[in-house]
Amino acid sequence: MIRPVHGGNLAWAAALAGCPASAILDFSASISPLGPPESALAAIQAHLSSLTAYPDPDYGELRTALGEALNVDRDWILPGNGSAELLTWAAWDLSKLEATYVVTPAFGDYSRALLAFGAQVLECPLELQSLDAEAGSRLVTDDLSVSNRSLVSPSLCLPVPLAIDAHRQGLLLNNPHNPTGLLFGREAILPYVKQLGMVVVDEAFMDFLPPSEQETLIDAVEEFPNLVILRSLTKFYSLPGLRLGCAIAHPDILRRWQLQRDPWPVNALAAAAAAAVVRDTVFERQTWDWLPVARRELFEGLANLPGLQPFAGAANFLLVESSMSVSSIQKSLLERHRILIRDCLSFPELGDRFFRVAVRSRADNLQLIAGLSEVIRQLTVVG
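All figures in this text were calculated on a predicted structure; none of them were measured in a lab. (Residues numbered from 1 in each chain as written. Predicted model: local features only at pLDDT ≥ 70, side-chain atom pairs only at ≥ 80, totals over all residues. Heavy atoms only, no water.)

Student: Is there a simple way to explain the overall build of the chain in this structure?
Tutor: A count of helices and strands for the chain gives 11 helices and 18 strands. Computed over C-alpha atoms, the radius of gyration of the chain comes to 21 Å, within 12% of the 21 Å expected from 2.2 N^0.38 for 383 residues, which places it in the range of a compact globule. A principal-axis box enclosing the C-alpha atoms of the chain has dimensions of 60 × 55 × 40 Å. Within the span of the chain, comprising 383 residues, buried residues form 57% of the whole. Contacts in the chain between residues at least 24 apart in sequence constitute 71% of all its contacts with a sequence separation of at least 6. In the structure as shown, the chain presents an accessible area of about 15800 Å², 53% of it carried by carbon and sulfur atoms. (Helix = DSSP H or I, 4+ residues; strand = E, 2+ residues; numbered from the N terminus. Rg over C-alpha atoms; globule rule 2.2 N^0.38 Å. Buried < 20%, exposed > 50% of the residue type's maximum accessible area, 1.4 Å probe, protein only. Contact = heavy atoms within 4.5 Å. Areas by Shrake-Rupley, 256 points an atom, 1.4 Å probe, with all protein chains shown as cover.)

Student: Help me understand the pairing of strand β2 (residues 77-80), please; the structure alone is not making it clear to me.
Tutor: Taken residue by residue, a regular strand's side chains alternate between the two faces of the sheet. By the alternation rule, side chains of β2 split into Ile-77 and Pro-79 and Leu-78 and Gly-80, which are all buried. In this sheet, strand β13 (residues 245-248) lies alongside β2 in antiparallel orientation, the contact comprising 4 bridges. Within β13, the residue paired with Gly-80 across the bridge is Gly-245. (Pairing = 2+ DSSP bridges.)

Student: I'm lost on the packing of helix α10 (residues 326-337) against helix α11 (residues 362-382) in this one. Help?
Tutor: Relative placement of two packed helices is described by the angle separating their axes and the distance separating the axes. Packing of α10 against α11 leaves a shortest axis separation of 10 Å and a crossing angle of 115 degrees. Remark: the crossing between α10 and α11 carries right-handed chirality. Here Ser-328, Ile-329, Ser-332, Leu-333, Arg-336 and His-337 of α10 lie close against α11, whose contacting residues are Leu-368, Gly-371, Leu-372, Glu-374, Val-375, Gln-378 and Leu-379. Grouping the amino acids of the contact of α10 with α11 by side-chain chemistry returns 6 nonpolar, 5 polar and 2 charged. (Axes fitted to C-alpha atoms, helices over the stretch in contact; angles between N-to-C directions. Left-handed = near helix turned anticlockwise from the far one by under 90°. Nonpolar A, V, L, I, M, F, W, Y, C, P; charged D, E, K, R; others polar.)

Student: Help me understand the sheet that holds strand β12 (residues 227-232) in this model?
Tutor: Two pairing modes exist for strands in a sheet, parallel and antiparallel, and in both the strands are linked by backbone hydrogen bonds. Taken in spatial order, the 7 strands make up an open sheet running β2-β13-β12-β11-β9-β3-β4, and their pairing is mixed. Single-partner strands in this sheet number two, and they are β2 and β4 (121-125). Direction aside, neighbouring strands of the sheet carry axes that sit 20 degrees apart on average. Sheet topology places strand β3 (residues 99-104) next to strand β9 (residues 169-174); 4 bridges connect them, and they run parallel. Paired with Ala-99 across the bridge in β9 is Gln-169.

Student: I tried to follow the environment of Arg-74 on my own but got confused; where do I start?
Tutor: Along the chain, Arg-74 turns up in the loop between α3 (60-70) and β2. Given the relative accessible area of 32%, Arg-74 is considered partly exposed. As for Arg-74 and Ala-119, which are separated by 45 residues in sequence, their C-alpha atoms are 30 Å apart. A distance of 2.9 Å separates polar atoms of two side chains, one belonging to Arg-74 and the other to Thr-64. (Polar contact = N/O pair within 3.5 Å; in protein donor to acceptor, adjacent residues only side chain to side chain.)

Student: Just checking my understanding: could you explain the pairing of β9 for this structure?
Tutor: For β9, a buried count of 6 out of 6 residues is recorded, marking the element as mostly surrounded by other parts of the structure. The alternating pattern of β9 places Gln-169, Leu-171 and Leu-173 on one face and Gly-170, Leu-172 and Asn-174 on the opposite face, and all of these are buried.

Student: Would you mind going over the side chain of Arg-295 with me for this structure?
Tutor: Mapped onto the elements, Arg-295 comes out in helix α9 (residues 281-303). Buried charged residue Arg-295 carries no salt bridge. Nearest counter-charge: Glu-213, at 6.1 Å. Side-chain polar atoms of Arg-295 contact the backbone oxygen of Gly-313, separated by 3.5 Å. (Lys, Arg positive; Asp, Glu negative; His and termini not counted. Salt bridge = Lys/Arg side-chain N within 4 Å of Asp/Glu carboxyl O.)

Student: Would you mind showing me how to read the pattern of salt bridges here?
Tutor: Close approach of charged atoms allows side chains with opposite charge to pair. Under the counting rule described, the total for this entry stands at 17 salt bridges. Of the charged contacts in the structure, one is a salt bridge between Asp-58 and Arg-74, with a shortest N-O distance of 3.3 Å. Here Asp-58 is found in the loop between α2 (38-46) and α3, whereas its partner Arg-74 is found in the loop between α3 and β2, with 16 residues between them in sequence. With a relative accessible area of 40%, Asp-58 lands in the partly exposed category. The residue Asp-75 makes a salt bridge to Arg-63 at a minimum N-O spacing of 3.2 Å. You can see Asp-75 sitting in the loop between α3 and β2 and its partner Arg-63 sitting in helix α3, a full 12 residues away along the chain. Under the relative-accessibility criterion, Asp-75 is labelled partly exposed at 45%. Residues joined by salt bridges that share partners form a network here, namely Asp-58, Arg-63, Arg-74 and Asp-75.

Student: Which parts of the structure should I look at to understand unusual backbone geometry?
Tutor: Across the chain, the bulk of peptide bonds are trans and the bulk of non-glycine residues have phi less than zero. Of note, the amide linkage connecting Thr-104 to Pro-105 takes the cis form, showing an omega dihedral of 5 degrees. Mapped onto the elements of the fold, Pro-105 is located in the loop between β3 and α5 (108-116). In the segment running from Asn-178 into Pro-179, the intervening peptide bond is cis, with an omega of 20 degrees. A positive phi angle is found at Ser-238, which is not glycine, with a value near 60 degrees.

Student: Is there a simple way to think about the sheet that holds strand β17 (residues 342-344) in this case?
Tutor: Spatial ordering of the open sheet is given by β14-β15-β18-β17, a layout of 4 strands whose pairing is antiparallel. The sheet terminates laterally at β14 (308-311) and β17, the two strands that pair on one side only. With direction set aside, neighbouring strand axes in the sheet form an average angle of 30 degrees. Sheet topology places β14 next to strand β15 (residues 317-322); 4 bridges connect them, and they run antiparallel. What sits directly across from Gln-309, in β15, is Glu-321. Sitting on the sheet, α10 is in contact with β15, β17 and β18 (351-358), with an inclination near 45 degrees to β18.

So yeah, pure geometry; function would need other evidence.
As structure tokens, then:
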């Protein structure tokens, strides 16, 4: 079976571990362990009868709910079959420009989507630099280094040049950044929005931050018709199987996308679940209270293991640098403990010395730490 490009491939992991997929403890996909919310399950149950009819192609109720949650007019919102579908249409627009900057390491679907339409991709690399566990970690871009608020850096500049003909170029990045977890400040991105032809910001993990800590650009879309924000509803609400996402952008952009795509990209049950969960303020608060504590405990547990250096970040995952082969660690973890971590082989800048792990429940996180401790000890003896 081919090694997966994305996290969450339990069929591949189960084949390697020699067990059912249900027996795998999955740290490779950055999905909240707190859901799905009861509000989503109740909405799905209540709308089972809608399976006999086509969904509303306008998705009026869903767009209204999303607009209320994101504080934007519903005409500026387009629901999608996960943010991946909407990324495809954003890449379609970006491909019409002379070139598109991508901050790397980058989510692999960015290249997939851009290259599918023949876009010219210009990579702009971030340089990772590990420090000791007490000092934490920092991210270096060119000659500028910033370390504050656990790698949440409102002042960090993007490693993206601005040319005289910037209006013919685009930018695609995610914020918080995947896989580093770095959170770029609004003020670091806005200069590019003002000068480039199109800027697409994938905010798939932004909702893991409470509103007071978010650096979202959603409130800027009405001022800048070249700005597109992508949001995922699957990670925060633990609904990856339903495929839910939305784009926030000028209505002219969204109408153009709507004309090009399938008229019913979001099924009726997914639409009902999405409308329910974005109004579930109790689940939101539960997540915002849980994540900082769980992430800190996981960070400290990883930092205490020999040969591992986690990078602090703002999302529900941690990037970890390893002094030994991650492929060996991953294989041993699966075979000996049925635990799956996300290798970084699909990120060429990182390779076999980095892995990424989701933040899960305290019990799961402790199980990961114990498994890694045993595997590292065993690999060190063998080596």
